Amino acid sequence: MSDAARAPSRLPRLPAAPMAILVGVVLGGLLVLVSGGNPFTAYWAIVTGSLSWSSLPNTLNWAVPLVGMTLVAAIPLRGGMINLGGDGQMVVGGLVAALVPLYLPGPGWLLILCAILAAMIAAGLYATLAAWGETRHGIPMLISSLLLSYPAIGFASFVVGFPLRDTTTGLAQTPMIPEAARLPVLSGPLNAGILIMAAVAVIVVLYDRFTVGGYELRMRGLNARFAGYGGVPLARQMTAVMFASGAIAGLVGSLIVLGSQFRFQDGALLSPGYTWSGLMAALLAGGEPLAAILAGAFFAALQTGGFAMQRETAIPRVLTMVMQAIIILFLAIRHGIGRQGGAR
């Protein structure tokens, strides 16, 4: 190979995430154009439908669970681990958060506090089962975390469908929780859950950047064997990370139940697909917490704007999901090509 061919390019290289978003926007626009629509009209409907003053509460309300589930995926990903059990952990948290106010006496603020804490502890402990399986029995956490979702979802479905079903409705759902045990409303659909999630996001970012534990987790993500040789207790760290990840998933479930649905409804927590959108946002950010939070908020705006686009232009909102998939696919291709180039 000639020296000219070996010389590095002088052109600045656009970071992977902005490039992926740009590619997603361009390809999404081409899809709209091919289908007979106007891409500029479609994108303007997405922007105004998600960021206008009247739409902002809806976008923020959608961002609370999506950012939360982004952190659920991003925290383990920071250390090179993958938690695919967000669905099951969120359901565990949502179910516990619905049952505590129904069966525990006390004032409303105490019930809210107990419900959220119980949901986080229950979901966190459930998530540690996957870490225990890998550290003690060699079961890959990637698989076990995903498989553990199914018994959790099935158990919750049975509980609200039979022994604890609201017999006045005939549906698989618990009775309504008392009004005093619901999260206070801030504006429109927006409730105090956004303040709780914002506090959690700040804690995660500060922990990642300014604590020894955050440094050790980053070291594990770069090279787990090196981190182990350096004295990082890998098994204990994995258990702690999975507990934190699961606890945030439980928090998301409790905020939805206490702030929006006011009861646990079979399947209602899973239908929006928060877990997988959060995983995509975490992948887009490479697991970096602050970037993951911004990516989760971006996906929330995209999905909220998709509803407005469908309403205003008759273009299906599934376009926004296609754009998300294109963004992640482009990142995967680019990283794959990068690894191949480095291997040569």
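Residues numbered from 1 in each chain as written. Predicted model: local features only at pLDDT ≥ 70, side-chain atom pairs only at ≥ 80, totals over all residues. Heavy atoms only, no water.

Going by an unreviewed UniProt entry, the protein chain carries the name Simple sugar transport system permease protein and comes from Kaistia geumhonensis. Listed in UniProt under the heading Subcellular location (unreviewed entry), the comment for the protein chain reads: "Cell membrane". (UniProt positions renumbered as here; feature names shortened; annotations may be inferred.)

A few words now on the environment of Pro107. Among the secondary structure elements, Pro107 is positioned in the loop between helix H5 (86-103) and helix H6 (108-137). Between the C-alpha atom of Pro107 and that of Ala181, which follows or precedes it by 74 residues, the distance is 7.9 Å. (Helix = DSSP H or I, 4+ residues; strand = E, 2+ residues; numbered from the N terminus.)

A separate point is the packing of H5 against helix H12 (residues 234-261). One can describe the packing of H5 onto H12 by two numbers: an axis separation of 7 Å at closest approach and a directional angle of 50°. Of the possible angle classes, the one that applies to H5 and H12 is oblique. Where H5 crosses over H12, the two elements pack in a sense that is right-handed. In contact with Gly86, Gln89, Met90, Gly93, Gly94, Ala97, Ala98 and Pro101 of H5, H12 contributes Met242, Ser245, Gly246, Ala249, Gly250, Val252, Gly253, Ser254, Ile256, Val257 and Leu258. The residue makeup of the contact of H5 with H12, split by class, is 10 nonpolar, 9 polar and no charged. (Axes fitted to C-alpha atoms, helices over the stretch in contact; angles between N-to-C directions. Parallel < 35°, antiparallel > 145°, perpendicular 65-115°, else oblique. Left-handed = near helix turned anticlockwise from the far one by under 90°. Contact = heavy atoms within 4.5 Å. Nonpolar A, V, L, I, M, F, W, Y, C, P; charged D, E, K, R; others polar.)

Turning to the pattern of salt bridges, a few remarks are in order. Summed over all chains, the structure comprises 4 salt bridges. A salt bridge links Asp166 to Arg263; the nearest nitrogen and oxygen atoms lie 3.7 Å apart. Separated by 97 residues along the polypeptide, Asp166 in the loop between helix H8 (149-161) and strand S1 (185-187) and Arg263 in the loop between H12 and helix H13 (274-285) bring together distant segments of the chain. Of the two residues examined, Asp166 and Arg263, each falls in the buried class. In this structure, Glu312 engages Arg311 in a salt bridge whose closest nitrogen and oxygen atoms are separated by 3.9 Å. The exposure class assigned to Glu312 is exposed, which follows from its relative accessible area of 59%. Note on Arg311: relative accessible area 59%, which makes it exposed. (Salt bridge = Lys/Arg side-chain N within 4 Å of Asp/Glu carboxyl O. Buried < 20%, exposed > 50% of the residue type's maximum accessible area, 1.4 Å probe, protein only.)

Of note in the backbone geometry, Phe262 takes a positive phi value of approximately 60° without being a glycine. Mapped onto the fold, Phe262 is located in the loop between H12 and H13.

Here the focus is the confidence of the model for the protein chain. Averaged over every residue, the pLDDT of the protein chain is 89; residues scoring 70 or more account for 93%. Between residues 1-5, whose pLDDT stays under 50, and residues either more than four places distant or in other chains, the model counts 1 contact. (pLDDT = per-residue confidence, 0-100.)

On to the side chain of Thr304. Residue placement: Thr304 occurs in helix H14 (residues 289-313). Filtering out sequence-adjacent residues up to four positions away, Thr304 remains in contact with Gly49, Ser50, Asn58, Thr59 and Trp62.

Further remarks concern the packing of aromatic side chains. Using the criterion set out here, one finds 4 aromatic pairs in the structure. Put simply, the rings of Trp62, Tyr274 and Phe307 touch in pairs and so form one group of aromatic residues. Note that Arg182 overlies the ring of Phe262, its terminal NZ or CZ placed 4.4 Å from the centroid. Between the NZ or CZ atom of Arg317 and the centre of the ring of Phe307, over which it lies, the distance is 4.0 Å. (Phe/Tyr/Trp six-rings, centres within 6.5 Å; stacked < 30°, edge-to-face > 60°. Lys NZ or Arg CZ within 6 Å of the ring centre and 35° of its normal.)

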